[in-house]
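Read off the chains here:
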Amino acid sequence: MSPPPTRITIKEYGRATSLSDVVRTAHVSHGDLLSLLADASSRVDEVLGIRDGLTLNSDEFRARGIAGKLRLGRNIDLEIQPKFLESDDESWREDFLFVAMISRFGRILPREAFAATAIDRTDLADLIGRAMIQLFDGSYRRPLRVYKRRVWTGWELDGEADPESIVLPDPEGFLQEGLRLDRDNQYNRAIALGMETIAPSVRSSDTRQGLGHRVRKLGPQTRHARLTRRSLPARHSRWQDLFDLCLAVTEDQRFAYGEGTSGVLPGFLVETASAWEALMLLGLRLGLPGKVVMKRSHPFGTYRMPAGDSWKIDATPDVTVGPIGQVEFVADAKYKVVDEVDIARPDVYEVVAFARAAHCPLGVLLYPGAPGRPALTGAVEHFATIEVDGVRVLACTVNVRGISDREGLWRFGRTVGASLTAIIASDGGSRS
């Protein structure tokens, strides 16, 4: 029996990790480790479309602007923990896997499956089911079809017609044989089988119905011989992640869902700052359903050149609440470990500029919730108010822990909306 993989845990923007320390614990040579890290660095940048997410030299390595879980080699796993969490916080993995699934700034890595244990606060099957739906919807516009020799009858000649049929055609047309693109193939069957395997373990009825709907979209699938290849044809590479994930569900014996049983979860990567901004926008959209909530630009000024050329300058906050001309407030999502005693001055300057550009008197700064503070998913904590020439700035933290729970996203949105609405009313009332 092979030994369990060595898990290397580093913190985003944390101190550089020495390669020598990893060599001692992972039982790998310095050269091999350097090669594995170089490959992982390239993979991170390619998957997320960024540069220098994982940097290294001959002595050490560190992560910037990313969080996630990926494989370095057969027996070495790398975890990059978000910078605002405590080192012993074990709940972040499922939450950030969920963020990777719902945000365009994250990616799941089905080929990099990791052992996991079912726990009370989340359901592994629901997470995997939602991941399958997301991957399917991102690929379906280009159906996964392969050439297959078929026999059919029809009046339109589209294959090799049987000579006898030309003379004495069937009532439905000429008997023909040829290659045709067909959705009934071993790849679609593997995907359908993976979705059908996991569906009974999914607790969310919406997710379960979504899986069934997508299986029907694949069309009827006959039983095929055992898969002879695990790489899809190049023209269907966009389906590869879903194909790999479905194979893992049906073939990996560790997939056994239920309380106290083992399972697997895919690896994932998140570009943290961009994902935080997108998550705050989504939370306010869900939490303020009766309001116009969007990311849009506001006229800010004019840039003039000495030669006479000029152009308009816009300011674009992460969130604008309210229609044009009636903006209630703007919000700027800051992915920072906040100092509640001394907020960074540039944060205040920026949100004040946004508020002035939008002609509204209120700006809100949204930081990740401080570690170690128990709170509801989506709870907003107001810790400071700054006033600058008629613009009021509310500095707040938002708790995202538990967003991967059942109904966690909706609870997150409702709580963010209700908490922030109450804070704005309370703080405004104390100044009236």
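Just above sits the structure.
Residues numbered from 1 in each chain as written. Predicted model: local features only at pLDDT ≥ 70, side-chain atom pairs only at ≥ 80, totals over all residues. Heavy atoms only, no water.

### A few points about the environment of Leu365
Next, step 1: One can find Leu365 in strand β17 (residues 362-368).
Next, step 2: A residue is classified by how much of its surface remains accessible, and Leu365, at 0% relative accessible area, is buried.
Next, step 3: In the structure, Leu365 is positioned 32 residues away from Ala333 in sequence and 6.1 Å away in space, judged by C-alpha atoms.
Next, step 4: Residues in contact with Leu365, not counting those within four places in the same chain, are Asp332, Lys334, Ile343, Asp347, Val348, Val351, Val393, Leu394, Ala395 and Cys396. (Helix = DSSP H or I, 4+ residues; strand = E, 2+ residues; numbered from the N terminus. Buried < 20%, exposed > 50% of the residue type's maximum accessible area, 1.4 Å probe, protein only. Contact = heavy atoms within 4.5 Å.)

### A closer look at the side chain of Asn399
Next, step 1: Relative to the elements of secondary structure, Asn399 occurs in the loop between β19 (391-398) and α11 (408-429).
Next, step 2: Relative accessible area serves as the criterion here: at 5%, Asn399 is assigned to the buried category.
Next, step 3: A polar contact of 2.9 Å, which involves the side chain of Asn399, links it to the backbone oxygen of Leu376.
Next, step 4: Dropping the residues within four chain positions of it, Asn399 is found in contact with Gly369, Ala375, Leu376, Thr377, Gly378, Ala379 and Phe412. (Polar contact = N/O pair within 3.5 Å; in protein donor to acceptor, adjacent residues only side chain to side chain.)

### Structural notes on the packing of aromatic side chains
Next, step 1: Throughout the structure, instances matching the rule amount to 10 aromatic pairs.
Next, step 2: Where Phe84 meets Phe96, the ring centres are 6.4 Å apart and the plane angle is 40°; that geometry is what we call tilted. Linking Phe84 in the loop between β6 (76-81) and α3 (92-102) with Phe96 in helix α3, this pair joins segments that are 12 residues apart in sequence.
Next, step 3: Its relative accessible area of 5% is what places Phe84 among the buried residues. (Phe/Tyr/Trp six-rings, centres within 6.5 Å; stacked < 30°, edge-to-face > 60°.)

### A word on the sheet that holds strand β12 (residues 293-294)
Next, step 1: Read across the open sheet, the 6 strands follow the order β12-β15-β16-β17-β19-β18; overall the sheet is mixed. With partners counted over all chains shown, the strands left at the sheet margins are β12 and β18 (380-388), one partner each.
Next, step 2: Relative to β19, β18 runs antiparallel, the two sharing 8 bridges. Bridged to Ala384 within β19 is Ala395.
Next, step 3: Sitting on the sheet, helix α10 (residues 345-357) touches β16 (329-333), β17, β18 and β19, and the angle it makes with β17 is about 140°. (Pairing = 2+ DSSP bridges. Axes fitted to C-alpha atoms, helices over the stretch in contact; angles between N-to-C directions.)

### Comments concerning a nonpolar patch on the surface
Next, step 1: A cluster of nonpolar side chains, Leu157, Ile166, Val167 and Leu168, forms an exposed patch at the surface whose accessible area comes to about 420 Å².
Next, step 2: Examined against the element boundaries, Ile166 turns out to sit in helix α5 (residues 163-167).
Next, step 3: A relative accessible area of 41% means that Ile166 is categorised as partly exposed. (Patch = residues over 30% accessible without salt bridge, like charges linked within 9 Å, V, L, I, M, F, W, Y side chains within 5 Å. Areas by Shrake-Rupley, 256 points an atom, 1.4 Å probe, with all protein chains shown as cover. Salt bridge = Lys/Arg side-chain N within 4 Å of Asp/Glu carboxyl O.)

### Quick look at empty space enclosed by the protein
Next, step 1: The final tally for this structure, using the stated rule, is 3 cavities of 30 Å³ or more.
Next, step 2: Roughly 100 Å³ of internal volume is contained in the largest cavity.
Next, step 3: Lining the largest cavity we find Phe84, Asp95, Phe96, Val99, Val270, Thr272, Ala275, Trp276, Leu279, Tyr335, Val400 and Ile403.
Next, step 4: Counting only elements with at least two residues in the lining of the largest cavity, the list comes to α3 and α9 (272-287).
Next, step 5: For the lining of the largest cavity, the element with the most residues is α9, which contributes 4 residues.
Next, step 6: Class assignment of the residues belonging to the lining of the largest cavity gives a composition of 10 nonpolar, 1 polar and 1 charged.
Next, step 7: Looking at the second largest cavity, its volume works out to about 40 Å³.
Next, step 8: In terms of lining, the second largest cavity is formed by Phe84, Leu85, Trp92, Asp95, Phe96, Val400 and Arg401. (1 Å grid on protein atoms, 1.4 Å probe; cavity = no way out; pocket = protein on both sides within 12 Å on 5 of 7 lines; lining within 4 Å. Points joined across faces, edges and corners; volume = space filled by probe spheres on them. Nonpolar A, V, L, I, M, F, W, Y, C, P; charged D, E, K, R; others polar.)

### So, the pattern of salt bridges
Next, step 1: According to the stated counting rule, one finds 13 salt bridges in the structure shown.
Next, step 2: Across the salt bridge formed by Asp21 and Arg24, the nearest N and O atoms sit 2.3 Å from each other. Placement of both Asp21 and Arg24 in helix α1 (residues 19-26) is noted, with a separation of 3 residues, approximately one turn of the helix.
Next, step 3: The exposure class of Asp21 is partly exposed, given its relative accessible area of 37%.
Next, step 4: With a relative accessible area of 55%, Arg24 lands in the exposed category.

### Considering the sheet that holds strand β4 (residues 60-63)
Strands in a sheet are paired, the pairing made by backbone hydrogen bonds, and the direction either parallel or antiparallel.
Next, step 1: Taken together, the 3 strands give an open sheet; going across it, the order is β2-β4-β3, and neighbouring strands pair in antiparallel fashion. Where the open sheet ends on each side, the last strands, each with one partner, are β2 (17-18) and β3 (54-56).
Next, step 2: As paired strands, β3 and β4 are joined by 3 bridges and run antiparallel to one another. Paired with Leu54 across the two strands is Ala63, which belongs to β4.
Next, step 3: Against the sheet, helix α2 (residues 30-48) makes contact with β3 and β4, and its axis sits at roughly 150° relative to β3, the strand it touches most.

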